[in-house]
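Examining the three-dimensional arrangement
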Amino acid sequence: MSPTSLDAWKHLEQHRDAVSAMPVRQLFADDPGRFERFSIQLDDLLVDYSKQHITAETMARLADLARATGVDAARDRMFAGARINTTEDRAVLHVALRRASPGAVLVDGRDVMPGVRAARAHLSQFAGDVRAGRWTGATGQRITDVVNLGIGGSDLGPAMVVDALTPYGREGPRLHFVSNVDGAHLDETLRLVRPATTLFIVASKTFTTQETMANARSARAWLVAALGEAAVGRHFVAVSTNAAAVEAFGIAAANMFGFWDWVGGRYSLWSSIGLPIALAIGAAGFDALLAGADDMDRHFETAPMAGNLPMVLGLLGIWNTNFLGAETHAVLPYDQYLRRLPAYLQQLDMESNGKGVTREGTPVNVATGPIVWGEPGTNGQHAFYQLLHQSPRLVSADFLAAAEPAHGLPAHHPLLLSNFFAQTEALMRGKTLEEARAELAAAGLDADAVARLAPHKVFPGSRPTTSLLYRRLDPRTLGRLLALYEHKVFVMGAVWGINSFDQWGVELGKVLASRILPELDAPAEATGHDGSTNGLINHARRLRGQ
Ligand code: F6P
């Protein structure tokens, strides 16, 4: 059922006009306790959402919507191992991968935890062996470089985490991530490494993904050309759920790290897909990442709605998307180490919630997953922030930063933080026409110049932002943040009543690409598509000398 038919939805629509008429700066002036009221602290992690365009009534009505759409019950079904991914008939249990507390997690009456622990032990052992030089290449040399061959969830999560935790990975091997089927990606990476000291991880849940298999075949040929066929076993390992395809590729079962169909690709960095993370920062660091995520899972499971971070962020996402009309959501880490976070969150959010029908297959009738994008601050300030401040478009944004830097140039940090705080202040406060006029007049401009320039200096303000501030970007904190975003996406999907765990939308293009592939080198021109597609294929054929 579309949530738009619920009374709670209609009440929010009525409420919106009243709230929109009140600038957020006015709401701050009227309520000295606004920051305390609309911020949540979990240990060192502060989430300040007081600059959102909301009142206490907004939050109460959003909580009504969460109750009316059964978000609590949906969450409990996920944690209990129910098959909530109905179109693929699967449970959704990435939370089991980081679970620290004892006790069974049942899928169809069977406890998955012994398998989870065994897989984690296998991964830890192997990562330790490679890092300590006990696992060597075929010529007996130590592994200095690891190349992860995977795409989507088998790339974005580990790539982002390894980058984010760079300061924790200085003693491990260098990590490289190759995802694109564009040969430039693998070619340029292979130029950086040597066969005798390189380990390849073929990471693919299905072990059928075209891009990954093409890269794996080319990498294998490169290695065999240098070291011979017998070297493959020391230089290739696999992470997959498809043991038969892994063996068919020539990787022994002992060198395969498994996981399960109840781990969605974009939720898989906590599984064996996290092997590059353990190789980069060590098994203890990987465990700390999982522990941070587990902390957030417990919070999501138990905290009351008003103080529950994923609930609050998810409901604010619904408010901004469906009631205030924000079509896009910017992720703005004031943390260079989180530069890949926007790309990671694009898959997490847009592949999960970019859906048009409810679980029952009826139209949702409202916009679902926002368009997620972003860049680290302060770079974005000198690129796209102009639009955030003055365009008539409304963009919601998350700002993130660590209070303590993890790098060796601490004198930069106050510069970074002051920009973060100033931007959220400016986006919220804005500048009225009267203020712009007064400012220009005070600068000594004549009346004509003031009238001409003042409209260009107006900032509407009330641009909704949430600030996430933590002590330090360490593995545990990163784990908390990523689980927070996973559950935020869950809450939004549950309110919309959609299945956040399938991804049928990526299938059509895959099918058509496999049909077009042979046509690029066929003897005759392509005629079986629309005029544009035929034209593009045939122009490429001519340019390629066909
Ligand atoms: O893009 C579609 C998708 O199925 C993602 O959901 C997944 O993370 C990615 O492809 C890679 O899939 P695999 O791990 O099976 O190669």
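Right above here is the structure, for reference.
The present account deals with the structure reproduced in this document. Remember, predicted model here, so these are calculated numbers, not experimental data. (Residues numbered from 1 in each chain as written. Predicted model: local features only at pLDDT ≥ 70, side-chain atom pairs only at ≥ 80, totals over all residues. Heavy atoms only, no water.)

It is worth spelling out the sheet that holds strand 5 (residues 145-149) at this point. Read across the open sheet, the five strands follow the order 6-5-7-8-9; overall the sheet is parallel. Of all strands in the sheet, those bounded by a partner on one side alone are strand 6 (174-178) and strand 9 (256-258). The sheet shows a mean angle of 20° between the axes of neighbouring strands, taken without regard to direction. The sheet strands contacting helix 8 (residues 183-190) are strand 5, strand 6 and strand 7 (198-203), and the helix crosses strand 6 at an angle near 160°. (Pairing = 2+ DSSP bridges. Helix = DSSP H or I, 4+ residues; strand = E, 2+ residues; numbered from the N terminus. Axes fitted to C-alpha atoms, helices over the stretch in contact; angles between N-to-C directions. Contact = heavy atoms within 4.5 Å.)

Here the focus is the site of the ligand. The environment of the ligand is formed by 13 residues, the closest being Ser 154, Ser 204, Thr 206, Thr 209 and Glu 351. Taking Lys 205, its main chain carries an N or O atom lying 2.7 Å from an oxygen atom of the ligand. Contact distances for the ligand include 2.5 Å between an oxygen atom and a side-chain N or O atom of Thr 209. Burial of the ligand by the protein chains amounts to 86% of its free accessible area of 390 Å². Here the residues of the shell around the ligand are counted per class, giving two nonpolar, nine polar and two charged. (Near = heavy atom within 4 Å. Polar contact = N/O pair within 3.5 Å; in protein donor to acceptor, adjacent residues only side chain to side chain. Areas by Shrake-Rupley, 256 points an atom, 1.4 Å probe, with all protein chains shown as cover. Nonpolar A, V, L, I, M, F, W, Y, C, P; charged D, E, K, R; others polar.)

Before going further, it helps to examine the pattern of salt bridges. Under the defined criterion, the tally for this structure stands at 31 salt bridges. In this structure, Asp 502 engages Lys 355 in a salt bridge whose closest nitrogen and oxygen atoms are separated by 2.9 Å. Of this pair, Asp 502 sits in the loop between helix 20 (475-496) and helix 21 (507-519) while Lys 355 sits in the loop between helix 15 (341-353) and strand 11 (371-373); the two residues are 147 residues apart in sequence, bridging distant segments of the chain. On the accessibility criterion, Asp 502 (5% relative accessible area) is buried. With its nearest N and O atoms 3.5 Å apart, the salt bridge here joins Glu 404 to Arg 472. Taken together, the residues Glu 404 in the loop between strand 12 (395-402) and helix 17 (413-429) and Arg 472 in the loop between strand 13 (465-470) and helix 20 connect sequence positions 68 residues apart. For Arg 472, a relative accessible area of 30% translates into the label partly exposed. Several salt bridges converge on common partners, so that one network encompasses Arg 25, Arg 429 and Glu 435. (Salt bridge = Lys/Arg side-chain N within 4 Å of Asp/Glu carboxyl O. Buried < 20%, exposed > 50% of the residue type's maximum accessible area, 1.4 Å probe, protein only.)

This part covers the side chain of His 487. By secondary structure assignment, the location of His 487 is in helix 20. Since its relative accessible area comes to 1%, His 487 is described here as buried. Non-local contacts of His 487, meaning those with residues more than four positions away in its chain, are made with Met 78, Phe 79, Val 95, Arg 98, Met 296, Asp 297, Phe 300 and Pro 310.

Contact pair helix 7 (residues 156-164) / helix 15: the axes reach a minimum separation of 9 Å and the direction vectors enclose 155°. Taken together, helix 7 and helix 15 sit at an angle that is classed as roughly antiparallel. Remark: the crossing between helix 7 and helix 15 carries left-handed chirality. On helix 15, the residues touching Leu 156, Gly 157 and Met 160 of helix 7 are Leu 341, Ala 343, Tyr 344 and Gln 347. (Parallel < 35°, antiparallel > 145°, perpendicular 65-115°, else oblique. Left-handed = near helix turned anticlockwise from the far one by under 90°.)

What follows concerns the packing of aromatic side chains. Counting across every chain of the model gives 21 aromatic pairs. When the centroid spacing of 5.6 Å and the interplanar angle of 50° are considered together, the rings of Phe 38 and Tyr 49 count as tilted. Of this pair, Phe 38 sits in the loop between helix 3 (34-37) and strand 1 (39-42) while Tyr 49 sits in the loop between strand 2 (45-48) and helix 4 (56-68); the two residues are 11 residues apart in sequence, bridging distant segments of the chain. Seen in terms of ring centroids, Tyr 334 and Phe 399 are 5.6 Å apart; in terms of plane orientation they differ by 20°. Their pairing is stacked. Residue Tyr 334 is located in the loop between strand 10 (328-333) and helix 15, and its partner Phe 399 is located in strand 12; the two are separated by 65 residues in the primary sequence. What makes Tyr 334 buried here is its relative accessible area of 0%. Classification of Phe 399 by relative accessible area gives buried; the value is 0%. The ring of Phe 249 carries the charged tip of Arg 220 above its face, separated from the ring centre by 5.6 Å. In this structure, Arg 234 is placed above the aromatic ring of Trp 135, and the distance from its NZ or CZ to the ring centre is 4.0 Å. (Phe/Tyr/Trp six-rings, centres within 6.5 Å; stacked < 30°, edge-to-face > 60°. Lys NZ or Arg CZ within 6 Å of the ring centre and 35° of its normal.)

Most of helix 7 is tucked away, with nine of its nine residues classed as buried. Regarding helix 7, the residues found buried are Leu 156, Gly 157, Pro 158, Ala 159, Met 160, Val 161, Val 162, Asp 163 and Ala 164. Against strand 6, helix 12 (275-281), helix 13 (283-302), helix 15 and helix 20 lie the buried residues of helix 7.

Our next topic: the pairing of strand 6. Counted residue by residue, strand 6 has four buried out of five residues, so it is predominantly covered. Where strand 5 lies against strand 6, five bridges are found, and the strand directions are parallel. Bridging across to strand 6, Val 147 finds its partner in His 176. Taking the sense of rotation as the criterion, the β-α-β connection linking strand 5, helix 7 and strand 6 turns out right-handed. (Right-handed = clockwise from strand over helix to strand, strands pointing away.)

So, on to the environment of Met 305. For Met 305, the location among the structural elements is in the loop between helix 13 and helix 14 (309-323). Using a relative accessible area of 17% as the deciding quantity, one classes Met 305 as buried. With residues up to four places along the chain from it excluded, the contact list for Met 305 reads Ala 63, Ala 66, Arg 67, Asp 72, Met 311, Val 312 and Leu 315.

What follows deals with the side chain of Thr 69. If you trace the backbone, Thr 69 turns up in the loop between helix 4 and helix 5 (71-79). Taking the relative accessible area as the measure of exposure, Thr 69 reaches 17% and is therefore buried. Engagement of the side chain of Thr 69 in a polar contact is seen with the backbone oxygen of Ala 66, the distance being 3.3 Å. Other than its neighbours up to four places away in sequence, Thr 69 contacts Pro 3, Leu 6, Ala 494 and Val 495.

The next point concerns unusual backbone geometry. Going from Gly 377 to Thr 378, the amide bond is cis rather than trans, its omega being 5°. Its location among the elements puts Thr 378 in the loop between strand 11 and helix 16 (385-390). The phi torsion at Asp 43 lies on the positive side, around 55°, for a residue other than glycine. Its location among the elements puts Asp 43 in the loop between strand 1 and strand 2. Taking the relative accessible area as the measure of exposure, Asp 43 reaches 53% and is therefore exposed.

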